[in-house]
Amino acid sequence: MSYSDKALRGARRQLQIQLGLALLAGLVFTVMHSVQAGGAALFGGLIAAANSVLEIWYLRRTHTATGVSAERTMRLLYRYAAERFATTVALFAISLGLMKLLPLPLVLGFILGQLAIGVRWFSKI
């Protein structure tokens, strides 16, 4: 199994963990606080999961490309980082501005979703 296959498998596993953590956060906040808090926590976790979907898309894109140069790979890496940042900011702006979600559960759900990245990188998944 090549490195890119392992990276793609790890990213998929990370996405599964993030979706599970988002559901858990939504359930806990719903039970302990309110449905609005649960929805905000769930949406925060889904923001983190959206970043993983973007990562999987870029991993597949670089994996299937033939004759990839180092320059092209670096351009894709920078583009991925910029799109990930823009996606996160846009989803937070939509959730806080248009959807009027509660800020604390939203951010806590996002942080919980981001913990899945640590699980991926600090363990052998």
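As the structure is a computational prediction, the values presented were derived from the model and not from experiment.

Definitions and cut-offs
Residues numbered from 1 in each chain as written. Predicted model: local features only at pLDDT ≥ 70, side-chain atom pairs only at ≥ 80, totals over all residues. Heavy atoms only, no water. Helix = DSSP H or I, 4+ residues; strand = E, 2+ residues; numbered from the N terminus. Buried < 20%, exposed > 50% of the residue type's maximum accessible area, 1.4 Å probe, protein only. Contact = heavy atoms within 4.5 Å. Areas by Shrake-Rupley, 256 points an atom, 1.4 Å probe, with all protein chains shown as cover. Core = buried A, V, L, I, M, F, W, Y, C linked by side-chain atoms within 4.5 Å. Salt bridge = Lys/Arg side-chain N within 4 Å of Asp/Glu carboxyl O. Expected span 1.5 Å × (residues − 1).

*Asks:* Break down the overall build of the protein for me, citing the residues and quoting the values.
*Replies:* Across its full length, the protein carries four helices and zero strands. When the helices and strands of the protein are listed from N to C terminus, the series reads α-α-α-α. For the protein, the residues scored as buried account for 34% of the 125 residues in total. At a minimum sequence separation of 6, the contacts of the protein that also span at least 24 residues come to 76%. Carbon and sulfur atoms provide 71% of the accessible area of the protein, an area that totals close to 7700 Å².

*Asks:* Account for the environment of Gln114, naming residues and giving values.
*Replies:* As for its placement among the helices and strands, Gln114 is situated in helix 4 (residues 103–122). Measuring from C-alpha to C-alpha, the distance between Gln114 and Asn51 comes to 9.4 Å, with 63 residues separating the pair along the chain. Once residues within four sequence positions are removed from consideration, Gln114 is found in contact with Gln18, Ala48, Asn51 and Arg84.

*Asks:* Hey, could you go over the nonpolar core for me, with residue numbers and the actual values?
*Replies:* Counting residues in hydrophobic clusters, the biggest one holds eight residues: Ala40, Phe43, Ile47, Ala48, Phe92, Leu101, Leu106 and Phe110. Elements with a contribution of two residues or more to this core: helix 2 (35–64) and helix 4. The dominant element in this core, judged by the number of residues it contributes, is helix 2, at four residues. The residues contacting Leu101, other than those within four sequence positions of it, are Ala40, Phe43, Ser95, Leu96 and Leu106. Counting residues in hydrophobic clusters, the runner-up holds five residues, among them Ala11, Leu15, Ala49 and Ile56.

*Asks:* Kindly report on the environment of Thr62, identifying the contributing residues and their values.
*Replies:* Mapped onto the elements, Thr62 comes out in helix 2. Judged by its relative accessible area of 29%, Thr62 falls in the partly exposed class. Distance from Thr62 to Thr73, taken between C-alpha atoms, is 7.4 Å for residues 11 residues apart in sequence.

*Asks:* Explain the pattern of salt bridges to me, and be specific about the residues and the numbers.
*Replies:* A full pass over the atoms with the stated rule returns two salt bridges. For Arg75, the salt bridge identified is with Glu71, shortest N-O distance 4.0 Å. With Arg75 and Glu71 both in helix 3 (residues 70–98) and four residues apart, the pair spans about one turn of that helix. For the pair formed by Arg75 and Glu71, the shared burial category is exposed.

*Asks:* Could you give an account of helix 3, with specific residues and numbers?
*Replies:* Because an α-helix completes one turn every 3.6 residues, residues spaced three or four positions apart along the sequence face the same direction. Taking 1.5 Å per residue as the helical rise, helix 3 with its 29 residues ought to reach 42 Å, and the 41 Å between its terminal C-alpha atoms agrees with that figure. Turning to helix 3, its buried residues number three or more, namely Leu76, Tyr80, Thr88, Phe92 and Ser95. Positioned one or two residues after helix 3, Lys100 has a phi angle of 55°, which is positive.

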